[in-house]
Amino acid sequence: MESLLQRSTGIKQIPVFLLVVSCGISSGTLMVIALLLHIAICHCNNTPFWGPIVSSRIFRHSLIFIAIFFACSLLTIPFNDGNISQLFKYMGRTIPLLLVAIIARPNEITFRTVWYGILLSLIFILLSVAQHPSWDGHRLLGPFSSPNTLAGLIAVMIPVVMFGIIKYRKKYFYQVLLATLLALISIIIMLCTGSRNAYGTFGIAFLVLLWFVYCYHDLISLRIMGIIAVLSIIVVVSIAPVILTQRLDRDLQQDGRVYLIQSGLHLATEHPIVGIGVGNWGKVYKERFEKDNPNHEKNIQSPHNIYLHVFNETGIIGLSGFLLLIIYQMKVLYSSISQSYQINKRAFPYTIGFGLSIVSVYLFGLLDYDFFSRHMMQLHWLMWGLCLCAAYKEKES
């Protein structure tokens, strides 16, 4: 067994693969197994336990901005009776970022392994939907709590899948063929959720990726993406017209989401500095706003906007820390991608794929709050860790 762990390059990638899948399907058990296997492999090969990015400046700076984000929220708790245990839960969900720094070795094999892990995660999600094809009216939700949860996960994972299709098109034909089929099925499932937010998020990510593919001068990939776009339109017209008509023709005055945002804005004017407390939004909504909701929605925990949610619960202090973190992340992505293009005008760096996933999380958060769920948060921090790995690799190259 020890000699096998020493010789096989594939086995050395299993911890990364398991880590990605654990976040993709939200399995803490797989996450623990990934770490234990990594420890065993490092011991047998007498290799460093820590990945190279742990000692890098970019990782240290990232930890500082994450600490500022949480410190700003923590600072408000004595003044608003916030739930500190809820904040500690959010902190605990950053573990995938730390595990990426420990386990991942920034190289081509690792990034391809990540792509395979995302593919398997999507397959697992689609099989779960097929096994439990639950519908909320005309909206597909599968085994998840809401259609938006299913749509959000697909919208965040699909940019990485499409990036890999383009990146590996010439080298791994059969894997790319399978990934293309998986992408098409995922898009169809997302359309069936009726999530307008996911439609917009996917559309923006698709157009941005299309621009990078154009810069990459890959005409065949442009045609493939064109085919995907056309097939998606056909599906919209032929399969999902009832869903779209129902979702897009709704009266805004009777839209519960508009009412939630109005409620959030009202709270923001009442508690602009320190907010109402971490984890208290649902309680305040139930006491003051639930009875007047035009859709009679019960037990709502957020104004369906992560920025307004942070503002409501931690005031301008907490929101400032959150926005600082996002600005830093966008700066890292922009600097890394720009550096790649300075070296090679036809570059197609991994930061594009992982970065689009991060951007999709924040775009989706404009009209939904799944960012605060365990599944989405772990996926977000996993992707951010991979962005740091990709940026580190580009800089070292």
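From a predicted model like this one, the values you see are computed outputs, not experimental measurements.

What counts, and at which threshold
- Residues numbered from 1 in each chain as written.
- Predicted model: local features only at pLDDT ≥ 70, side-chain atom pairs only at ≥ 80, totals over all residues.
- Heavy atoms only, no water.
- Helix = DSSP H or I, 4+ residues; strand = E, 2+ residues; numbered from the N terminus.
- Rg over C-alpha atoms; globule rule 2.2 N^0.38 Å.
- Buried < 20%, exposed > 50% of the residue type's maximum accessible area, 1.4 Å probe, protein only.
- Contact = heavy atoms within 4.5 Å.
- Phe/Tyr/Trp six-rings, centres within 6.5 Å; stacked < 30°, edge-to-face > 60°.
- Lys NZ or Arg CZ within 6 Å of the ring centre and 35° of its normal.
- Salt bridge = Lys/Arg side-chain N within 4 Å of Asp/Glu carboxyl O.
- Axes fitted to C-alpha atoms, helices over the stretch in contact; angles between N-to-C directions.
- Parallel < 35°, antiparallel > 145°, perpendicular 65-115°, else oblique.
- Left-handed = near helix turned anticlockwise from the far one by under 90°.
- Core = buried A, V, L, I, M, F, W, Y, C linked by side-chain atoms within 4.5 Å.
- Disulfide = S-S within 2.5 Å.
- Arc of directions from axis to C-beta.
- Lys, Arg positive; Asp, Glu negative; His and termini not counted.
- Patch = residues over 30% accessible without salt bridge, like charges linked within 9 Å, V, L, I, M, F, W, Y side chains within 5 Å.
- Areas by Shrake-Rupley, 256 points an atom, 1.4 Å probe, with all protein chains shown as cover.
- Expected span 1.5 Å × (residues − 1).

A. A look at the overall build of the protein. When helices and strands are counted, the protein shows 18 helices and 2 strands. Relative to a compact globule of 397 residues, whose C-alpha radius of gyration would be 21 Å, the protein shows 21 Å and is just as compact. In the protein, which comprises 397 residues, the share counted as buried stands at 55%. A fraction of 77% describes how many contacts in the protein between residues 6 or more apart in sequence connect residues 24 or more apart.

B. Here's a closer look at the packing of aromatic side chains. All chains considered together, the criterion is met by 24 aromatic pairs. With a centroid separation of 5.1 Å and an interplanar angle of 75°, the aromatic rings of F49 and W50 are classed as edge-to-face. We classify F49 as partly exposed; its relative accessible area is 28%. Among the aromatic side chains, those forming a connected cluster through ring pairs are F69, F70, Y90, Y307, F322, Y362, F371 and F372. We note K167 situated over the ring of Y350; from NZ or CZ to the ring centre the distance is 4.8 Å.

C. Molecular detail of unusual backbone geometry. Phi angles above zero are rare outside glycine, and N46 is one such case at about 55°. By the secondary structure assignment, N46 is in the loop between α4 (28–45) and α5 (57–80). Exposure remark for N46: the relative accessible area of 71% places this residue in the exposed category. A positive phi angle is found at D81, which is not glycine, with a value near 60°. By the element assignment, D81 lies in the loop between α5 and α6 (84–92).

D. Seen up close, the pattern of salt bridges. The full count for this structure, using the stated rule, is 3 salt bridges. Here R288 makes a salt bridge to E270, at a shortest N to O gap of 2.7 Å. Of this pair, R288 sits in helix α15 (residues 281–288) while E270 sits in helix α14 (residues 256–270), and the two are 18 residues apart along the sequence. What makes R288 partly exposed here is its relative accessible area of 32%.

E. Examining the packing of helix α8 (residues 108–131) against helix α18 (residues 374–396) more closely. It is at 11 Å that the axes of α8 and α18 come closest, and there the two elements cross at 155°. Taken together, the axis directions place α8 and α18 in an arrangement best described as roughly antiparallel. The crossing of α8 and α18 is left-handed. Along the contact surface, α8 presents E108, F111, V114 and I118, while α18 presents M383, L386, C389, A390 and K393.

F. Main features of the nonpolar core. Within the largest apolar cluster, 112 residues are counted, with the highest numbers of intra-cluster contacts made by F354 and W384. In this structure, W384 is in contact with S62, L97, Y328, Q329, V332, L333 and I358, ignoring residues within four places of it in sequence. Residues Y259, W281, V284 and I300 belong to the second largest nonpolar core, which totals 9 residues.

G. Representation of the packing of α5 against helix α16 (residues 306–343) within the structure. Viewed as axis vectors pointing N to C, α5 and α16 meet at an angle of 170°, and their least axial separation amounts to 8 Å. Judged by the angle between their axes, α5 and α16 are roughly antiparallel. Across from I58, H61, S62, F65, I66, I68, F69, C72, S73, L75, T76 and N80 in α5, the residues of α16 making contact are E313, T314, I317, G318, G321, F322, L324, L325, Y328 and V332.

H. Representation of the state of the cysteines. Under the defined criterion, the tally for this structure stands at 0 disulfides. Here C387 stays free of any disulfide, with the sulfur of C389 as its closest cysteine sulfur at 9.4 Å. Judged by its relative accessible area of 0%, C387 falls in the buried class.

I. Examining α6 more closely. By the burial criterion, the buried members of α6 are Q86, L87 and Y90. Within α6, the buried residues cover an arc of 100° as seen down the axis, which keeps them to one side. Against the buried residues of α6 lie α5 and α18.

J. Region of interest: the side chain of R93. Considering the arrangement of structural elements, one finds R93 in the loop between α6 and α7 (95–103). Look at R93: it is buried, it has no salt bridge, and the nearest opposite charge is D370 at 10 Å. Every residue in contact with R93, bar those within four places of it in the chain, is listed here: F372, S373, R374, M377, Q378 and W381.

K. Region of interest: a nonpolar patch on the surface. Side chains of I227, V230, L231 and I234 sit close together on the surface and give an oily, nonpolar patch of about 340 Å² of accessible area. In this structure, I227 sits in helix α12 (residues 219–238).

L. The arrangement of helix α11 (residues 196–216) in detail. Compared with the 30 Å implied by 1.5 Å per residue over 21 residues, the 30 Å span of α11 between its first and last C-alpha is a close match. For α11, the complete set of buried residues consists of N197, A198, Y199, T201, F202, A205, F206, L209, F212, V213 and C215.

M. The arrangement of the environment of V213 in detail. Tracing the backbone through its elements, the reader meets V213 in helix α11. For the pair V213 and F163, spaced 50 residues apart in the sequence, the C-alpha separation amounts to 9.1 Å. Beyond its immediate sequence surroundings of up to four residues, V213 is in contact with I166, D218, S221, L222, M225 and F348.

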